[in-house]
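# Chains, contacts and geometry: an overview
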Amino acid sequence: MRATGGLLTETLSVDASTQEGEAKGEQGRERVHLLIVDDVPQNLVAMEALLRRDGVDVLKAGSGAQALELLLEHDVALALLDVQMPEMDGFMLAELMRGSQRTRHVPIIFLTASPSDPLRSFKGYDSGAVDFLHKPIDPRVIQSKVNVFIELRQQRQLLRARNEKLEQALKLNETMIAVLTHDLRTPLTVITLCTDKLRTEMDDPGLLSTTLLLDASAHRMSRMVQQLLDFSKIRSDVLRMDLREGDLASIAALVVSEVRQGHPDRQIDCIGKGVLRGVFDPDRLAQVLSNLIGNAVIHGEPGPVTVELDGCQPDWLRMTVSNRGRIPDKLLPRIFEPFKGAEKPGSGLGLGLYIVDQFIRAHGGEVTAGNTATGARFEAVLPRRCAAGEAAV
């Protein structure tokens, strides 16, 4: 049997109170595994006594083959490998670890009783080691280095647990929004139908005005509910495009007509040129135009709103909505972020432009916003024929 390399017996007399003070284990936390590989049993016992603490399991292997078996069973935070071992030395074991997907990221510290040799150290680092220590080893040095990797593993475990809880909370929140918005749409539909009936049958001008206000509020709430539902679908990755042949000019004409009914005092001009047919989701593009035009009407200054449709390019369709006014410079960089807040209090949830951006992205296109000499301008460009692979948010 070869010498222990001077791994001093003082490692066995480390003060127990010191180890307790350094213990990082917590109830409920996943245990951390350390792997020690040495063909000398006394060294294994000494290292185990030195590194044992609450929340840490010390795995011992007397050969490279035993170490590989343990690595298959346990997720190891750090491996301490003796360089000089029969049959499979530490360098060979390290190369096998680096060749496996499961163990290639395990940090390795080499331990050797050989005299200091730069070439040997370089070989160790080339094998993937994070450190190369020579025996006899100062217990405080090895403890300090091992503590770093234990704390890193515990922090990763804590971060992973927090991420899992956060994902669960987000999924629960998105599910709740989806359920609420779905259930709210039914009574809103009833309210809207009832106000439509009252408006057609009522002669009293005062009550008619009240009915119109009720109808406008119901439609506004319905749009907000739809935006929340779309937001929930986007965040949950369940929104899919229904691609089919469509005419952008017909979609725009219908949307402009609906907006004019809600804002009869505003001038909305729609101009089209070129061939405006393509393969896209007509309902989603209708919502894009509705949100852009509605944004221009609500937030723009008094004056005409211009909708331009350009189908002159063979592979692209372009939609532009312009209005008088100016987008505030501080808002412009985050204009398409969700819940950014509206320019006017009580005007909405701040989701309309975010949904526009997500729907255009789902078509494989891009939407931009900016200020010109005559006012604010939003431009959306998308492929004339959206590919199926692009039709997902």
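The structure under discussion appears in the preceding block.
No experiment lies behind these values; they were computed from the predicted model shown.

How each quantity is defined
- Residues numbered from 1 in each chain as written.
- Predicted model: local features only at pLDDT ≥ 70, side-chain atom pairs only at ≥ 80, totals over all residues.
- Heavy atoms only, no water.
- Helix = DSSP H or I, 4+ residues; strand = E, 2+ residues; numbered from the N terminus.
- Buried < 20%, exposed > 50% of the residue type's maximum accessible area, 1.4 Å probe, protein only.
- Contact = heavy atoms within 4.5 Å.
- Areas by Shrake-Rupley, 256 points an atom, 1.4 Å probe, with all protein chains shown as cover.
- Pairing = 2+ DSSP bridges.
- Axes fitted to C-alpha atoms, helices over the stretch in contact; angles between N-to-C directions.

### Considering the overall build of the chain
- Across its full length, the chain holds 10 helices and 12 strands.
- Residues classed as buried in the chain amount to 42% of the 393 residues present.
- Contacts in the chain between residues far apart in sequence, at least 24 positions, make up 71% of those at least 6 positions apart.
- Accessible area of the chain: about 21200 Å², with a carbon and sulfur share of 54%.

### Details of the sheet that holds strand S9 (residues 305–311)
- Strand order across the open sheet formed by five strands is S7-S9-S10-S12-S11, with mixed pairing between neighbours. Each edge of the open sheet carries a strand with a single partner, namely strand S7 (268–274) and strand S11 (366–371). Each strand axis lies, on average, 15 degrees off the axis of its neighbour in the sheet, ignoring direction.
- Sheet topology note: the S9/strand S10 (residues 316–323) ladder contains six bridges and is antiparallel. Looking at the pairing, Val-307 lines up with Val-321 of S10.
- Across the sheet, helix H9 (residues 282–299) is in contact with S7, S9, S10 and strand S12 (376–383); its angle to S10 comes to roughly 20 degrees.

### Let's talk about the environment of Val-259
- Note on placement: Val-259 falls in helix H8 (residues 248–262).
- Along the primary structure Val-259 and Asn-291 are separated by 32 residues, whereas in three dimensions their C-alpha atoms are 10.0 Å apart.

### Here's the deal with unusual backbone geometry
- Backbone geometry places Glu-87, a non-glycine residue, at a positive phi of 70 degrees.
- Along the chain, Glu-87 turns up in the loop between strand S3 (76–82) and helix H4 (90–98).

Note that all results are geometric; they support no functional claim without further evidence.
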